[in-house]
Structure formats: structure tokens, C-alpha cells
Amino acid sequence: MAKHLLFMTAILVLLGAGTKAAEVTVVTEEGALQYSENNQVSGVATDLVRAVLDKVDVDYTITIYPWPRAYAMALTKPNVLIYSMTRTPQRESQFKWVGEIIPINYSLFRLKSKPQVSPQSLEHAKKYSIGVINKGAIHKYFQQQDFPHIQPVSDIKAHVKKFVSGRVDLIALNTTRLPQLCKKNIVDCQLIEPVMTLPDISTGLYLAFSHNSDDKLVAQAQLAYTELKQDGTYQKIMTPAL
């Protein structure tokens, strides 16, 4: 880790780290780790993003959008930081990755009132309707697996509402974040139960820059993230979600 930190510092010197970086547009979606509260964006993931960017000493704005819009901005515009985003092989070359926010473990969930919804395998699960966030990692994964009954919505609240109302049979939720979703009353954990794990997409939620972002800015953010991990700030911020 020390060698990595020295290497990152050397890069910043070569890139001219003394100059203040360009302004950053930070985008995200409403969720358990980031959410609107008192007319600002809050949550532990947001606190981590602020800590990274404050350490970089860069001007930034943070805005919550429906995921499809946030994702489109991060795909097309320079100096856009997006969080909390699943890191997948398909996305690997599309973004410049800063660091992991939290590990994730996805499972398919059903309503306890629907015991007949009981997939025995991923292939068997294709017979059921599955709710997803439009253009999210789960959506893309099920598309690649040729699931015929995918029903996308724009955000987590609409996603859960559709599921709880019985309009879809299954949804995929991150079990790591589930206690936070329940605590914020986004989902009632007494109504649902897991039926199958999804190890193929259980990786981590990350903060990442758009691919056409300034390399110096990205290197500064990566170094700031590494330092926050080393000095215990990351653990202090993220403990409520871990």
C-alpha cells in the first residue's frame, strides 16, 4: 500500500498537482447510501464522496437524478463523478474508477406472501417477472442472460413499490444495503425474503469518473481515496453501512 501511495504521489507531481483541478459534476440516484434530506444530498456514500473531493480541493456540485439520466451524463460528459455504481466487466473500460464505497451481495427476493414464486436456478427464474432499475447493472445482467420478463423502472422507490404491490414476482436487492433500505422505510423487510443469490454480479459499489475526465483530476481523487482508507476516515464514515 505504501508503494502504491508513493506511486500515486509521483504521478501527481508529474501532472502538476499544485494547480487546482477542474470543477466536478457529481451525480447519483436516490437510495439507502445517498438521499435527499433538508434540501441537500446526504448519506454515508455522499459523506465519502465529499471527503475525497474536499481533500482534492476541487469545486463540485452533487445532484440526485433518476439513474438513467445520471448514468447517461457519466457516459458522455467530462469531469462527471458518479456513485454508487456497481463495477462490472462491461463497465470496466467505460469509466475511470476511484475506489469502492461498499461491497455488495445481490440476491433475488420474493414477497413472503408468494411462496409459489420459488426459482430453483437462474434458468428457472426466467419464467418469473423481475423488476429492475432501468439501465442499472441488474438490468444489463438480466438482458445478457436473456430474461424475457424484465420490467424496468426509473428509481429505487418506484422499483420497490411495484414489487410490494405484486406487479412483479422478484427483485434483486443488495443484501449489504438492505438494512439501510429498511431503516429508511424504502422497503419493509418483514414482507420479503431471499430466494437465490446472484454471485456473478456481487462485486462492489464504487465512485467513478466519466471516461473523458481529466487524468490529473482522477489521479488526485484516487490518491485522496487511498489516504482516507489508510488514515481510518473511510472506516469512520462507512461503519454505519458495513
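The model shown is predicted, which means the values in this text are computed figures rather than measured ones.

Trainee: In this structure, what is going on with the overall build of the chain? I would like to understand it.
Mentor: Regarding its fold elements, the chain presents nine helices and twelve strands. Overall, the C-alpha framework of the chain stretches about 60 × 35 × 30 Å when taken along its three principal axes. Relative to its 242 residues, the chain shows a buried fraction of 53%. Restricting the contact set of the chain to residue pairs at least 6 apart, pairs at least 24 apart contribute 74%. Carbon together with sulfur atoms contributes 50% to the accessible area of the chain, which is approximately 11,300 Å² in total. Charged side chains of the chain number 26 positive and 21 negative; the gap between the two group centres comes to 4 Å.

Trainee: Can you help me understand the pattern of salt bridges in this one?
Mentor: Between side chains of opposite charge, pairing is possible as soon as their charged atoms come close. Inspection of the entire model under this criterion finds six salt bridges. A salt bridge links Asp-215 to Lys-96; the shortest N-O distance between them is 2.6 Å. In this pair, Asp-215 is assigned in helix α8 (residues 215-230) and Lys-96 in strand β6 (residues 95-103), connecting sequence segments 119 residues apart. Owing to a relative accessible area of 49%, Asp-215 belongs among the partly exposed residues under this scheme. Residue class for Lys-96 comes out buried when judged on its relative accessible area of 18%. With a shortest N-O distance of 3.2 Å, Lys-126 and Glu-123 are connected by a salt bridge.

Trainee: Just to check I follow, could you spell out the sheet that holds strand β12 (residues 204-210) for this structure?
Mentor: Sheets are built from strands that pair by backbone hydrogen bonding, the pairs being arranged parallel or antiparallel. Strand order in the open sheet made by the five strands is β4-β1-β5-β12-β6, with mixed pairing throughout. The two strands at the open ends of the sheet, each matched to only one other strand, are β4 (60-64) and β6. Across the sheet, the axes of successive neighbouring strands diverge by a mean angle of 20°, strand direction being ignored. Sheet analysis places strand β1 (residues 24-28) next to β4, joined by five bridges and oriented parallel. Considered in β4, the bridge of Thr-25 is made with Thr-61.

Trainee: Just to check I follow, could you spell out the sheet that holds strand β9 (residues 150-153) for this structure?
Mentor: With mixed pairing, five strands are arranged side by side in an open sheet as β9-β8-β10-β7-β11. The sheet is open, and its two edges are formed by β9 and β11 (192-197), each paired on a single side. With direction set aside, neighbouring strand axes in the sheet form an average angle of 40°. Relative to β11, strand β7 (residues 106-111) runs antiparallel, the two sharing five bridges. Note on β11: the bridge partner recorded for Ser-107 is Thr-197. Lying on the sheet, helix α5 (residues 137-144) is in contact with β7, β8 (130-133), β9 and β10 (170-174); it crosses β8 at an angle near 130°.

Trainee: For this particular structure, what's the right way to read the environment of Tyr-83?
Mentor: One can find Tyr-83 in strand β5 (residues 80-86). Note: C-alpha distance between Tyr-83 and Tyr-206 (123 residues apart in sequence) is 6.1 Å. At 2.7 Å, the side chain of Tyr-83 forms a polar contact with the side chain of Thr-46.

Trainee: Honestly, the packing of aromatic side chains in this entry has me stumped. Any pointers?
Mentor: The geometry of an aromatic ring pair is captured by the separation of the ring centres together with the interplanar angle, meaning the angle of the planes. The final tally for this structure, using the stated rule, is seven aromatic pairs. A centroid spacing of 5.7 Å and a plane angle of 85° characterise the contact between Trp-97 and Tyr-206, whose relative ring orientation is edge-to-face. Taken together, the residues Trp-97 in strand β6 and Tyr-206 in strand β12 connect sequence positions 109 residues apart. Among the aromatic residues, ring-to-ring pairing joins Trp-67, Tyr-71, Phe-95, Trp-97 and Tyr-206 into one connected group. Between the NZ or CZ atom of Arg-87 and the centre of the ring of Tyr-206, over which it lies, the distance is 5.0 Å. The ring of Tyr-234 has Lys-229 lying over it, and the distance from NZ or CZ to the ring centre is 4.1 Å.

Each value, and the rule that gives it
Residues numbered from 1 in each chain as written. Predicted model: local features only at pLDDT ≥ 70, side-chain atom pairs only at ≥ 80, totals over all residues. Heavy atoms only, no water. Helix = DSSP H or I, 4+ residues; strand = E, 2+ residues; numbered from the N terminus. Buried < 20%, exposed > 50% of the residue type's maximum accessible area, 1.4 Å probe, protein only. Contact = heavy atoms within 4.5 Å. Areas by Shrake-Rupley, 256 points an atom, 1.4 Å probe, with all protein chains shown as cover. Lys, Arg positive; Asp, Glu negative; His and termini not counted. Charge placed at Lys NZ, Arg CZ, Asp CG, Glu CD. Salt bridge = Lys/Arg side-chain N within 4 Å of Asp/Glu carboxyl O. Pairing = 2+ DSSP bridges. Axes fitted to C-alpha atoms, helices over the stretch in contact; angles between N-to-C directions. Polar contact = N/O pair within 3.5 Å; in protein donor to acceptor, adjacent residues only side chain to side chain. Phe/Tyr/Trp six-rings, centres within 6.5 Å; stacked < 30°, edge-to-face > 60°. Lys NZ or Arg CZ within 6 Å of the ring centre and 35° of its normal.

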